Amino acid sequence: MNKVVLYIKDSDNALQAVDLFEDETISVTSKIQDIRDISKVFTDFSQSFTVPASKKNNKIFRHFYNYFISEGAFDARKKVDARLEINYIPFREGKIFLNGVKMKENKPFAYNVTFYGNTVTLKDLLGDDELESLTWIDNFRYDYTSPNTKTRLTSNLNQTVDSVVKYDPIIVPLVTHTKRLYFNSDTSHSANTISGDLAYHNQNSHNANVALQFDDLKPAIRLLYIIEAIENKYNVANGYPVDLIFTRDFFNSEAFAGDGTAENRGLYMWLSREKGKIGGDDETTETTLSSFAYDSGDQLSDFFEYPFGGSITPSFITDGGETDSVLRVQTFLDGGSFKNADRYRILLDLTVTTTASTSYSVSMINTLDNNSTVGVFDNLTSTQTVSTTLAIPSIIPGDLKDWGIKFLVNSEGGFQADLSLRIRQQKADNSVAPYSTIYDAYYDAASITATNSGEIIPTERIPKMKTIDFLIGIFKTFNLTSYFIDDRNDADYGKIRVLPLDDYYNDNPKIFDITKYTDSSETDVESTAPFSEIEFKNKKPKTLLMLNHEEVNNEVFGDAIYHPQGVDRGKPYKIETPFEHFKFERLIDEDTSGIGLTDFQWGYSAGNNFKPDADAEPQPTANYDSVLTAPFLFYGIRISGLAGDYRLNWNGAAHEGLTSYWKPSNTVESGTASVPPDFTINFDDEIDEWNQQNYGGETNSLFKKFYQTYIEDAFNAKKRIFKLTVHLPNSILLNYKLNDRFQIGDKVFTINSIDTNLKTGESKLELLNVL
């Protein structure tokens, strides 16, 4: 008979031994993945058992039965760190959940508890928190401007966080939300059909209709850094009970993180929280005017000859971290009862020069007065000049007021303009005399080359999704399993190891011979084929290319169904991820005398109503309505070395070449015409969008790489589940792992599940024969 010891951490974080009933049975069930429920990851758990309400236990559970206790009361809503030992040798670490107290004659008799392994506490730890709560990813925030977007579309842009380089954490893939892209190198292509055309046309002007605008695109975040953000949040330093750390066995693998080169950074998630452009199709975006530069007229240093001696000089200053965005002005004495007093004021005239038909508004705020409004001018179109006067009413000669004037332009997408600011100082000799201009200056502000939507803040752009659902989705996609490393001799002790299931079962398994502990006369044998088929699915698609594929082929691109041969029992089984899948398109030159396949592959997040452009002849610029998809993942592959006709007309800048870009892909690499990429995020064998090959149905699909071995083994006609009861010695109980093998006679088995009475060592086994 074994001595079972249960330790629970008290309020001082110290392990305390719990008194146990002598005759209480404590059974622990262990399984890593049940062949009858292959999409779930399991861990150790016990049946509920009771411990006596002894003086010692009452102290550990802080007299939970007494609901009048408020100060320092035991919080039964949370699991508490615990450890099980057999004969004082560690067996399992995990959590204890207090279910309740049994009372007899108004006195506590026993506490009912359940022991859980550590891995299962992931759901408890993460709760309903969403990805937007992972504020660590905001280290990658940046100003949403045309130059910044182009840099992340075309280049490698690493960032240092906590003194560690993070490689390409945010990229901008060639995925459009509304605009349909194409490529036509025909030299007769007319200028009004250039919108969406990625070909370079020297003979046409590109300023009116651009191929691609920066707000046609959205950024994406590397999945590896979402994992790091989870670890950064859920730790003891932030008030959580444990440090949540994953091993990098899988998360640093090529299938997840790429091959480590600057052209291959692994999986990304598109930062799309609403359909259409960033900020929404109907949301007005805002630009702060900046980079004021002297053009002509008086210098500001000449302004304000103060009548009582000295001088006051308006100047451009830095405010709120923005350079040259605020005009600093001081004004004094405007009106009053002093008839002979001088009066001064400042006039600001902002001229917006634009040919755009987009409406816009101009706001002027005083940053030195809680951002109070100085002037607002709405519903402006074409070129306009707006004016405001800065002055203060006063009866005290020389009374002053500080102004910090910031200029804001609000507009819809695609707005472009040049800005000029006229600054005049005027003076009147007395309270009734007219004003006359004594100083007059002209300054230019930085042109608005496209609408600035402020900052890209990842937590505000990441799709709405629970963190636990994100992890479960990754686990289902790659058939991962995980377990808490409770071996204190392991270098990764205290971490959660994450591995593909096949890798787990092949991770140095030991073989324990249990023949002499087994009564083979009491064995049940069952089939391992509980399903008639297994369906692998992503979220229902909404995008155009996916819907077209389904209509033409009567199947969803990327999904798969496994039909085991000769099986006519059981029900269909579904494995569904929370992600939406995309089919990408490699553009072909529409000019039949052109280059054929181009080096551009893109994604299209649209698919509702078709919106043709009536003025286009023909109509390649016709777009579809944008759709809001479920979160979607892709491999980021950087394509470089583009030249010749491979050019981009970016925001009206003709002749601007595109020599590289981030290609969205369902494969981890481009592969070759005959050799498939090593990994893909298609469950099924599909035609490679880039190489236009299906490799004879031998692509390295998710099913083939991560599911096939386990599932085909499970549905093998010779596979069986063997149920038997054994009495395992402590030498096995304290040392086996769930990927180890048990040997009975000359037969070897893997472990499907094991239910052990810790006191007697009696174990109910479910074993799978190794073929």
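So, a few notes on the structure that sits alongside this text. The shown structure was predicted, so the numbers you read here are calculated from the model rather than taken from an experiment.

### Focus on the pairing of strand 36 (residues 597-604)
At step 1: Of all 8 residues in strand 36, 6 are buried, a share of seventy percent or more.
At step 2: Bridge count between strand 13 (residues 175-176) and strand 36: 2 bridges; the pairing is parallel. Paired with V175 across the strands is G603, a residue of strand 36.
At step 3: Bridging between strand 35 (residues 585-588) and strand 36 involves 3 bridges; their strand directions are antiparallel. Across the sheet, residue R586 finds its bridge partner in strand 36, namely Q601.

### Things to note about the sheet that holds strand 32 (residues 531-539)
Backbone-to-backbone hydrogen bonds pair the strands of a sheet. The strands run either parallel or antiparallel.
At step 1: A sheet is described by the order of its strands in space; here 3 strands give the open sequence 33-32-34, paired in mixed fashion. Sheet topology places strand 33 (560-562) and strand 34 (571-580) at the edges, where each strand pairs with a single neighbour. Across the sheet, the axes of successive neighbouring strands diverge by a mean angle of 15°, strand direction being ignored.
At step 2: Bridge count between strand 32 and strand 33: 3 bridges; the pairing is antiparallel. Looking at the pairing, F536 lines up with A560 of strand 33.
At step 3: Taken strand by strand, helix 10 (residues 702-714) contacts strand 32, strand 33 and strand 34, and its axis lies near 160° from that of strand 32.

### Things to note about unusual backbone geometry
At step 1: A positive phi is found at Y88, a non-glycine position, where the angle reads about 65°.
At step 2: Inspection of the secondary structure puts Y88 in the loop between strand 6 (80-86) and strand 7 (89-104).
At step 3: Since its relative accessible area comes to 51%, Y88 is described here as exposed.
At step 4: A positive phi angle is found at Q692, which is not glycine, with a value near 60°.

### Focus: helix 7 (residues 467-478)
At step 1: Here helix 7 is 12 residues long and its end C-alpha atoms lie 17 Å apart, about the 16 Å a rise of 1.5 Å per residue gives.
At step 2: Taken together, the buried positions of helix 7 are T467, I468, F470, L471, G473, I474, F475, T477 and F478.

Cut-offs applied
Residues numbered from 1 in each chain as written. Predicted model: local features only at pLDDT ≥ 70, side-chain atom pairs only at ≥ 80, totals over all residues. Heavy atoms only, no water. Buried < 20%, exposed > 50% of the residue type's maximum accessible area, 1.4 Å probe, protein only. Helix = DSSP H or I, 4+ residues; strand = E, 2+ residues; numbered from the N terminus. Pairing = 2+ DSSP bridges. Axes fitted to C-alpha atoms, helices over the stretch in contact; angles between N-to-C directions. Contact = heavy atoms within 4.5 Å. Expected span 1.5 Å × (residues − 1).

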